[in-house]
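What follows is each chain in one-letter form.
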Amino acid sequence: MKLKTRIVNAISLLVAKITGGVVQDESAEILDGKVTQGMPELIRKAGAEGAVLLKNDGMLPFTKDREISVFGRVQYDYFSTGYGSGGDVKKPYVRHLINGIENCEELSLNRVLAQEYAEWVMDNEIDHGYWAHWPRSYPEMPLSDEIVNKARKTSNDAIIVLGRSSGEDRENALEEGSYYLKKEEKDMIDMVAKKFDNICLLLNIGSIMDLTWTEAYKDKIKAIMIVWQGGMESGNSIADLLSGRVAPSGRLADTIVRKYEDYPSSNDFGGKVFNNYVEDIYVGYRYFETFNKDAVLYPFGFGLGYSKFTQEVTKVEESDKDVKLTIKVNNNGNFKGKDVVQVYIQKPISPIDNPYRELVAYKKTKELQPGETDTLFIRVSKEQFASYDSQGVTGFKSAYVAQKGEYVISVGENVRDAKDVTKVVVNEHTLVKQLSELLAPTSNFNIIKNVKGKAKLVPVATRTTDLKKIILDNLPKDIPLTGNKGYILQDVKDGKVSMDDFVAQLSLDDLEAISRGDYTMNSPLGAAGNAGAIGGVTQSLRDKGIPATITTDGPSGIRLFASCSLIPIGALLACTFNDDLVEEIHTKISEEMKDRGSDILLAPGMNIHRNPLCGRNFEYYSEDPLLSGKTAAAAIRGIQSHGGSACPKHFACNNQEYMRTTNDSRVSERALREIYLKGFEIAIKEAGPNTIMTSYNKINGVWNHYNYELCKSVLRDEWGYDGLVMTDWWMQYAPSPEFPKVKSNGYRVRSRVNVLMPGGKRIGKKKPDGTLLATYGKKEGITLGEMQQNAKDVLGFLLKTDKLK
């Protein structure tokens, strides 16, 4: 290993020791190299289904008689995932692009050029940096006229592959080598374009980058495909697509625009102290399709295949509860493939304003041979007609309302091309669900409103409620302490004792211990490399039959010291528009969890793609809450299929990595409910995750690990969630504004955030900090009932797992 690599690894390990973190030393030996049976095939399939073909002027697929010259160093140094805890998996192998092409009998490779790249890559080792200082792209091999001319003599077809990555605790940047093309890449493209008339551009990226430059090459670049970061089978997935073994069927989960400045969040992203979510509900395509269609390069939901499909709505059935569509999809072309049916709704825009279209359903066909037809049945609930009325303009304040007017349902292959198929008239404002004001802003700022198709700025509605009174009015009752009665948790599961009787025997020390983890990552209570333990973290708790439950980082696989599968990134999985496939791949992850010793996988990541510069967009799914929620629900069902637990994250509005532990997301109550919380709501109601993780940031001035309205009022009271809520790793120590003497862990438990992970402060002795019990027995201090309710939340979670018989 080179000296520089040793130094970087040493720095990383030192940082981990200081912070209590776990670093996967790239030089470390993989402990077993085990490959889960059936997993490579699923990863390969998903990697292909999530790739999005943006352009194809007859160049793809390749045939065996067409030798391919591949340019770009990531043909070997492939970005198979992003950096940080979400992608740091000890994978058993990675198939890069050249592996895939060489393994495919239907493809022919210019091996001379590939060898030149191989030798240069070997002599020019990548500096992977260290935590939050990872490279966003890699240096390119300098090209000469001689190299390109030599390649052109044997090849008519060229592939140029460009790579980008991002990671936790660091944003993408508006600079060359990140969001923009860098000079050495442009020079490479120019040189190849001078000699080759047939160029296929492959984008090995984790999040959206600028693609406007591709228009300047016109017919030279005949094919463009975003292949994302497909995990350990990446190269094989791409080869399947290039050869036509598999036809592309991915669809964009985000809008691609011509200029970064056109994104409505561009002026309100990256703030050190706060970001005003000025765009409000107009995120992604909701903004562009309503106000600025000309800014779009590729619309939401767009993606090509190798064939042509028609979608015909053959039947529409309306009832009081829903609209049911029967859609016949026919493959009219000469190549096999899958198509995606997307259903959108256009709502009235007064008195509650709305975007031009919103996604309300989608479904993917089976693989269709030329001339073959698939019939899909799609239901749109009339609850999806509703908009949130935060101010009572319909007569129903703090409620979801289907306002009076015409609702147009459209069907098609993307948001731009969808065709209107039916209209539903609502004759009067109709209450769909009465809620209450929650999480409203306390700061004044302006938000976008749709006024007759024009974007107008109006003041945001601010808080009118008294949170202190709400909390005091809803304190749980104390259960009198009984001392240890010898009950074990299995007795509760077996129905021998009640939960209250079991909790009554927990001492104050027990109640403190069960509210935190085992203090450190890589807990000795679990498999090496784990993220920490929950539950039976003391001997006293374990003596009462409370098992230690082990967490592991995700979502791109299980982060342990042992070898685990590296699956495609979330951004790719969302582009499959295939919930069944997402569930299937996570079902295999569940098997692997059981085998490797992971009880809770900290996944899926499901924050909204508010801005393309967010460093963790690769982990997350989409700019659309329905697609995010449905994809996450599929992942959760899979993860929990063999007794393990999912932990969707980061709840909520973790849309920026810069200053993520202190930044305030200032957002309207409506945008929270319809955009940033909606995906979580869908996932929780449809899949029932056993745990959920709060985010580091604040929402409207309140850190989410202290956010009573988020974690109690919305999550538990409105959505009916009965699982465990944990913090992200470590938290900000602070007093409660409503109860200034209640601080830190007392403040957290009062907010119904059950477990501090990994259990203490980053630095210092591993012991209780005293803040939970500091106000116990004092006026307006933490109550016995609150601590006991917290314990019941944790124990109730454990009873749902396979940790007990």
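Reading guide: rules and limits
Residues numbered from 1 in each chain as written. Predicted model: local features only at pLDDT ≥ 70, side-chain atom pairs only at ≥ 80, totals over all residues. Heavy atoms only, no water. Phe/Tyr/Trp six-rings, centres within 6.5 Å; stacked < 30°, edge-to-face > 60°. Buried < 20%, exposed > 50% of the residue type's maximum accessible area, 1.4 Å probe, protein only. Lys NZ or Arg CZ within 6 Å of the ring centre and 35° of its normal. 1 Å grid on protein atoms, 1.4 Å probe; cavity = no way out; pocket = protein on both sides within 12 Å on 5 of 7 lines; lining within 4 Å. Points joined across faces, edges and corners; volume = space filled by probe spheres on them. Helix = DSSP H or I, 4+ residues; strand = E, 2+ residues; numbered from the N terminus. Nonpolar A, V, L, I, M, F, W, Y, C, P; charged D, E, K, R; others polar. Salt bridge = Lys/Arg side-chain N within 4 Å of Asp/Glu carboxyl O. Pairing = 2+ DSSP bridges. Axes fitted to C-alpha atoms, helices over the stretch in contact; angles between N-to-C directions.

1. Description of the packing of aromatic side chains
No. 1: Scanning the model with the defined rule gives 25 aromatic pairs in all.
No. 2: Between Tyr 287 and Phe 288, the aromatic rings sit 5.3 Å apart at their centres with planes inclined by 90 degrees, giving edge-to-face as the arrangement.
No. 3: For Tyr 287, a relative accessible area of 14% translates into the label buried.
No. 4: For Phe 288, a relative accessible area of 0% puts it in the buried group.
No. 5: A network of ring pairs unites the aromatic residues Tyr 179, Tyr 180, Tyr 260, Tyr 263, Tyr 282, Tyr 287, Phe 288 and Phe 291 as a single cluster.
No. 6: The positively charged end of Arg 666 is found above the aromatic ring belonging to Phe 274, 3.8 Å away from the centroid.
No. 7: Positioned above the aromatic ring of Trp 703 is the side chain of Lys 698, whose terminal nitrogen or guanidinium carbon lies 4.4 Å from the ring centre.

2. Some points on the layout of surface pockets
Which parts of space are left empty comes out when a probe the size of a water molecule is rolled across the atoms.
No. 1: Taken as a whole, the second largest pocket holds about 1400 Å³ of empty space.
No. 2: If you trace the second largest pocket, you find 47 residues lining it, with Gln 384, Leu 626, Lys 630, Ile 682 and Glu 686 closest to the centre.
No. 3: Looking at the lining of the second largest pocket, the elements with two or more residues in it are β13 (358-364), β14 (373-381), β19 (430-434), α15 (579-596), α16 (625-639), α17 (669-676), α18 (678-687) and α19 (708-718).
No. 4: Looking at the lining of the second largest pocket residue by residue, the class counts come to 21 nonpolar, four polar and 22 charged.

3. Looking at the pattern of salt bridges
No. 1: Per the counting criterion, the structure on display carries 63 salt bridges.
No. 2: In this structure, Asp 664 engages Arg 666 in a salt bridge whose closest nitrogen and oxygen atoms are separated by 3.1 Å. The burial state of Asp 664 is the same as that of Arg 666; both residues are buried.
No. 3: Through salt bridges that share partners, Glu 168, Asp 169, Arg 616, Glu 619, Glu 657 and Arg 660 make up one connected network.

4. Brief notes about the sheet that holds strand β17 (residues 405-412)
No. 1: Spatial strand order, β13-β12-β17-β18: four strands in an open sheet with antiparallel pairing. Looking along the sheet, the strands with just one partner apiece sit at the ends: β13 and β18 (419-426). Between one strand and the next, the sheet's axes are offset by a mean angle of 20 degrees, whatever the strand orientation.

5. Quick look at empty space enclosed by the protein
No. 1: On inspection of all chains with the given rule, the structure shows four cavities of 30 Å³ or more.
No. 2: In this structure, the largest cavity is lined by Ser 207, Ile 208, Asp 254, Thr 255, Tyr 263, Gly 284, His 609, Arg 610, Asn 611, Pro 612, Asn 617 and Glu 623.
No. 3: Split into classes, the residues belonging to the lining of the largest cavity amount to three nonpolar, six polar and three charged.
No. 4: Taken together, 13 residues make up the lining of the second largest cavity; nearest its centre are Arg 164, Asn 172, Ser 178, Ser 207 and Ile 208.
No. 5: A per-class count over the lining of the second largest cavity returns five nonpolar, six polar and two charged.

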